[in-house]
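Remarks on the overall topology
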Amino acid sequence: MRVYLSRPDITEKEIEAVCEVLRSPNLSLGPKLPEFENAFAKYIGRKRAVAVNSGTSGLFLCMLALEIGLGDEVITTPFTFIATSNSVMMAGAKPVFVDIDPVSLNIDPQKIESKITANTRAILPVEVFGNPAGFDRICEIARKHNLPVIEDSCEALGSALNGKMAGTFGTFGTFAFYPNKQITTGEGGIILTDDDNLADMCASLRNQGRGKGGGWLSHQRLGYNYRLSDINCALGIVQLSRIDEIKAKRRQVAKWYQEILAGDKRLIVPAEQKGCEISWFVFVVRLAEESALKKRDKILEEMRNDGIQVSNYFPPVHLQPFMAERFGYKEGDFPITEAVCKSTIALPFYNNLTKDEVALVCRELKKTLDKNL
Ligand SMILES: *Cc1c(COP(=O)(O)O)cnc(C)c1O
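Below is a short write-up of the structure. (Residues numbered from 1 in each chain as written. Predicted model: local features only at pLDDT ≥ 70, side-chain atom pairs only at ≥ 80, totals over all residues. Heavy atoms only, no water.)

Focus: the overall build of the protein chain
- Across its full length, the protein chain carries 12 helices and 13 strands.
- Compactness check: the protein chain gives a C-alpha radius of gyration of 21 Å against a globular reference of 21 Å for 373 residues, within 12% of the reference.
- Seen through its principal axes, the protein chain has C-alpha atoms that stretch 65 × 55 × 35 Å.
- When burial is assessed residue by residue, the protein chain has 56% of its 373 residues classed as buried.
- For the protein chain, long-range pairs separated by at least 24 residues make up 70% of all intrachain contacts whose partners lie at least 6 apart in sequence. (Helix = DSSP H or I, 4+ residues; strand = E, 2+ residues; numbered from the N terminus. Rg over C-alpha atoms; globule rule 2.2 N^0.38 Å. Buried < 20%, exposed > 50% of the residue type's maximum accessible area, 1.4 Å probe, protein only. Contact = heavy atoms within 4.5 Å.)

This is the structure in structure tokens:
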């Protein structure tokens, strides 16, 4: 591979912080856990944070804390990473999909209300690729129908809409720290809320149902182990302390791509919409012409053969085999999502990608488009 899709950005400071925990007796449930949670809550601007072992676990605990389960419906988007709807299904509830807005690629606020039923228990929107567009409208609809919003902000750490941070729109905000995210803890996630009762419930559910002030072997409710170790938290603390630098580096990489690819009529190049600040998570271009869509997979394959790691973020969630089988979703159910899914090319994107590497990726992309379109 000449250029990778994603690479973590770990400095000596992160390594030193992790080693410091390893030299201490507190590998888990030590001081780094509250330190990470407090720093994170402060950065996003929310009252409480509960760190967990993945973003998926975080979403799942939001479902449990809201007592969403069998017979319940959660409205969400079919254009996302599978974790979004998996969290709904693992809780026993049904994901009810709403097609996306073709510009923002987020759930289309105008199409939400017609999907609300007596069984709807929450709305689960995603800031896809870090774009917060439409979240003000989504929250208005949720308020009108008295529904909680579980915000899957896992791709949007540091994004904002009209100055309001991603992760502050919902009853819950959730973030993830897998190595391709803006910041990483190796594996990890975090739940944010302003509601003390819900935060305490999530903290209990992640820790075998232990209650506040209770003993180690006193279990107030059915819980499980979704804890994040102090080793991971130490890594997260240093990564979070670098968030401004990380955002700036990613913004620069996005700008290089935008400058080089501007004016190429074969492509839709991502850009910030009015009022939106994107904290760049990935850089996904789309084939502009309907007739080009059937060539997309060949384009991806040829670029990979040329040593440029690219991806097809995302295939439609509703057409994943287990989904289609369980709920009977089929091709044509969400036409905008399906067309967008056939058009995407995720380009290499990470903090330390150089200008020369971006230029190389763009040259290879243009060469492949010349050949195929
Ligand atoms: C990354 C991500 C998650 C959580 O992923 P984990 O690997 O479980 O941390 C959830 N939703 C979306 C949209 C994501 O991109």
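Picking up where we left off.
Re the site of the ligand
- Close to the ligand lie 14 residues; Gly 55, Thr 56, Asp 152, Glu 155 and Lys 181 are nearest.
- Taking Lys 181, its side chain carries an N or O atom lying 2.7 Å from an oxygen atom of the ligand.
- Isolated, the ligand exposes 390 Å² of accessible area, and the fraction of that covered by the protein chains is 92%.
- Only α3 (55-65) and α4 (83-90) provide two or more residues apiece to the shell around the ligand.
- The residue makeup of the shell around the ligand, split by class, is five nonpolar, six polar and three charged. (Near = heavy atom within 4 Å. Polar contact = N/O pair within 3.5 Å; in protein donor to acceptor, adjacent residues only side chain to side chain. Areas by Shrake-Rupley, 256 points an atom, 1.4 Å probe, with all protein chains shown as cover. Nonpolar A, V, L, I, M, F, W, Y, C, P; charged D, E, K, R; others polar.)

Notes on the sheet that holds strand β10 (residues 267-268)
- Within the open sheet, the three strands sit side by side as β10-β12-β13. Their pairing is antiparallel. Strands at the two margins of the open sheet, each flanked by one partner only, are β10 and β13 (344-347).
- As judged from the two bridges shared by β10 and strand β12 (residues 283-287), these two strands associate in the antiparallel manner. Its bridge partner lying in β12, Leu 267 is registered against Leu 287.
- Lying on the sheet, helix α8 (residues 243-261) is in contact with β10, β12 and β13; it crosses β12 at an angle near 25°.
- Packed on one face of the sheet, helix α9 (residues 296-305) meets β12 and β13 and runs near 20° to β13. (Pairing = 2+ DSSP bridges. Axes fitted to C-alpha atoms, helices over the stretch in contact; angles between N-to-C directions.)

Quick look at the packing of α9 against helix α12 (residues 355-372)
- Viewed as axis vectors pointing N to C, α9 and α12 meet at an angle of 135°, and their least axial separation amounts to 10 Å. The angle between α9 and α12 falls in the class oblique. The crossing of α9 and α12 is right-handed. In this structure, α9 contributes Lys 298, Ile 299, Glu 302 and Met 303 to the contact, and α12 contributes Val 361, Glu 364, Leu 365, Thr 368, Leu 369, Lys 371 and Asn 372.
- Broken down by class, the residue content of the contact of α9 with α12 amounts to five nonpolar, two polar and four charged. (Parallel < 35°, antiparallel > 145°, perpendicular 65-115°, else oblique. Left-handed = near helix turned anticlockwise from the far one by under 90°.)

Let's talk about the pairing of strand β3 (residues 94-97)
- Sheet topology note: the strand β2 (residues 73-76)/β3 ladder contains four bridges and is parallel. Its bridge partner lying in β3, Val 74 is registered against Pro 95.
- Taking the sense of rotation as the criterion, the β-α-β connection linking β2, α4 and β3 turns out right-handed. (Right-handed = clockwise from strand over helix to strand, strands pointing away.)

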